[in-house]
Amino acid sequence: RTESGKRAVFNRAMTTWNSLQPQVTPQCARVSSRRWLNLQEYQSKKLMQESGVTVQRFYVADNPPDALQAAKRLNAKEIVLKAQILAGGRGKGVFNSGLKGGVHLTKDPSVVGELASKMLGYSLTTKQTPKEGVEVKTVMVAEALDITRETYFAILMDRACNGPVMVGSPQGGMDIEEVADKSPELIFKEVIDIFEGVRDDQALRMAANLGFKGPLERQAADQIKRLYDLFLKVDATQVEVNPLGETPEGQVVCFDAKISFDDNAEFRQKAVFAMGDMSESDPTETEAAKWDLKYIGLDGNIACFVNGAGLAMATCDIIDLHGGKPANFLDLGGGVKEKQVYEAFKLLTADPKVEAILVNIFGGIVNCAIIANGITKACRELELKVPLVVRLEVYIGALWSEMHCLKQTNVKVQRATSKTEILIINIDKRYKC
């Protein structure tokens, strides 16, 4: 995915909630220091099914014959075939097979196999994928249902309320941020008591605010309560259904959903996290995650090696401010071990774009001796070929002896003792950091 696509995934829940609160000053965009679990559409729908939430009937196939058989088994008036990738904008995407669109509707089951043959094994390019696209390995064959009316519904965590909040709008099927901006009166909220859960009166009130009437109001309220059960069951931070639709046959159906999970609950959600699809993730980011490093690749040539998300963002900004371009966002976090420092250097030096490395460490949350020992080991064993600038705040004078051994290598090292000094150290004639 593109850099903007990655940031959108990380900040989706917070951005949605902030946009629904016009009285709050918008927060600056920031990179989260946690990893997020990514599920394919069919996996999210499977979780919803298991919690009794109404979704379209569907099957999943990884080859054209199975896709054809799935279409026949559905025995539906109309079928929708969807390429399964994590990027958005599939409907307007293009395959390198020549097929246009990653979502196709048909009333003839016999053509599903042929369509699937032009999707599976081919790369689909959308606005949110890299230029080369993403290879499609599975397709979802689902029953296509007519939608009489579309609404929006979400449950998400809100720090101000110390718990989950329901957010809904009778205007669904579109960007909810746009609705909040143009028609804030059509946004409805209900704070959920974490001890009581969603009360019947709250669910019914939300269903009425979404515009469901008669028997559909009770049915929608039931779906809302089941979605909250799912929210708790999987330790979600957000369950967003857009649209929560009404069919001509009088059904309330969750047509599309995004589920975000709390990574801190991975130890008790092993089955859910085992479903995570890392095949579309950047290989460097995947490798970094194995060592509990928060890494995002950027387009510059100055690698950043920092502890703390805020300091990492500030370091990227200060590089840009002085005419450089950061090659990455890398947050070591607190409690880092020497092995993690070493592995972080392996990741940075493996990037062919990197022409210099800037280490900016604040010792308030990490032992600088660990950082120094890890850097020393990395420089010796990896035969570092690019200039290295190191700033270790707290006990830096005592630690310089730990770094002295670097002078015995061919690595150009210059000690920086302050933020200002970092800016004036000339680590390459072509730029300053």
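What you see is a predicted model; the values in this text were computed from it and never measured.

Quick look at the environment of Arg 199
For step 1, the next point in the chain: Position of Arg 199 relative to the elements: it lies in the loop between strand 10 (188–191) and helix 6 (200–209).
For step 2, the next point in the chain: For the pair Arg 199 and Ala 221, spaced 22 residues apart in the sequence, the C-alpha separation amounts to 9.9 Å.

As for the side chain of Asn 360
For step 1, the next point in the chain: Secondary-structure assignment places Asn 360 in strand 17 (residues 356–362).
For step 2, the next point in the chain: What makes Asn 360 buried here is its relative accessible area of 7%.
For step 3, the next point in the chain: A polar contact of 3.1 Å, which involves the side chain of Asn 360, links it to the side chain of Thr 315.

Quick look at the confidence of the model for the protein
For step 1, the next point in the chain: When the pLDDT values of the protein are averaged, the result is 83; 81% of them are 70 or greater.
For step 2, the next point in the chain: Confidence scores differ between elements of the protein, with helix 14 (residues 419–424) showing the lowest mean pLDDT of 44 and helix 6 the highest of 98.
For step 3, the next point in the chain: Here residues 6–17 scores under 50 on pLDDT; set against residues more than four positions off or in separate chains, the count is 35 contacts.
For step 4, the next point in the chain: Of the regions scoring below 50 in pLDDT, residues 419–433 engages in 35 contacts with residues more than four places distant in sequence or in other chains.

Focus: the sheet that holds strand 3 (residues 94–95)
For step 1, the next point in the chain: Pairing is antiparallel across the open sheet formed by three strands, whose spatial order is 3-5-6. Sheet topology places strand 3 and strand 6 (134–135) at the edges, where each strand pairs with a single neighbour.
For step 2, the next point in the chain: Judged from the two bridges that link them, strand 3 and strand 5 (residues 123–125) form a sheet pairing that is antiparallel. In the strand pairing of strand 5, Phe 95 is matched with Leu 124.

Topic: the pattern of salt bridges
For step 1, the next point in the chain: All chains considered together, the criterion is met by 19 salt bridges.
For step 2, the next point in the chain: The salt bridge partner of Glu 114 is Lys 118, with a shortest N-O separation of 3.8 Å.
For step 3, the next point in the chain: Notably, a salt bridge pairs Lys 225 with Asp 200, separated by 2.6 Å at the nearest N-O pair. Here Lys 225 is found in helix 7 (residues 215–233), whereas its partner Asp 200 is found in helix 6, with 25 residues between them in sequence.
For step 4, the next point in the chain: Look at Asp 200 and you get partly exposed, because its relative accessible area is 45%.
For step 5, the next point in the chain: Connected through shared salt-bridge partners, Glu 190, Glu 196, Arg 199, Asp 201 and Arg 205 make up one network.

Quick look at unusual backbone geometry
For step 1, the next point in the chain: Pro 243 follows Asn 242 through a cis peptide bond whose omega is 10°.
For step 2, the next point in the chain: Inspection of the secondary structure puts Pro 243 in strand 11 (residues 236–246).
For step 3, the next point in the chain: Phi at Asp 292 takes a positive value of approximately 60°, unusual for a residue other than glycine.
For step 4, the next point in the chain: Mapped onto the fold, Asp 292 is located in the loop between helix 9 (283–290) and strand 14 (294–297).

Looking at the packing of helix 11 (residues 338–350) against helix 12 (residues 368–382)
For step 1, the next point in the chain: The contact between helix 11 and helix 12 brings their axes to 8 Å, and the two run at 45°. Accordingly, the angle class assigned to the pair helix 11 and helix 12 is oblique. Crossing angle aside, the handedness with which helix 11 passes helix 12 is right-handed. Residues Glu 338, Val 341, Tyr 342, Phe 345, Lys 346 and Thr 349 of helix 11 lie in contact with helix 12, whose contacting residues are Ile 370, Ile 371, Asn 373, Gly 374, Ile 375, Lys 377, Ala 378, Glu 381 and Leu 382.
For step 2, the next point in the chain: In terms of residue class, the contact of helix 11 with helix 12 is made up of eight nonpolar, three polar and four charged.

Conventions used here
- Residues numbered from 1 in each chain as written.
- Predicted model: local features only at pLDDT ≥ 70, side-chain atom pairs only at ≥ 80, totals over all residues.
- Heavy atoms only, no water.
- Helix = DSSP H or I, 4+ residues; strand = E, 2+ residues; numbered from the N terminus.
- Buried < 20%, exposed > 50% of the residue type's maximum accessible area, 1.4 Å probe, protein only.
- Polar contact = N/O pair within 3.5 Å; in protein donor to acceptor, adjacent residues only side chain to side chain.
- pLDDT = per-residue confidence, 0-100.
- Contact = heavy atoms within 4.5 Å.
- Pairing = 2+ DSSP bridges.
- Salt bridge = Lys/Arg side-chain N within 4 Å of Asp/Glu carboxyl O.
- Axes fitted to C-alpha atoms, helices over the stretch in contact; angles between N-to-C directions.
- Parallel < 35°, antiparallel > 145°, perpendicular 65-115°, else oblique.
- Left-handed = near helix turned anticlockwise from the far one by under 90°.
- Nonpolar A, V, L, I, M, F, W, Y, C, P; charged D, E, K, R; others polar.

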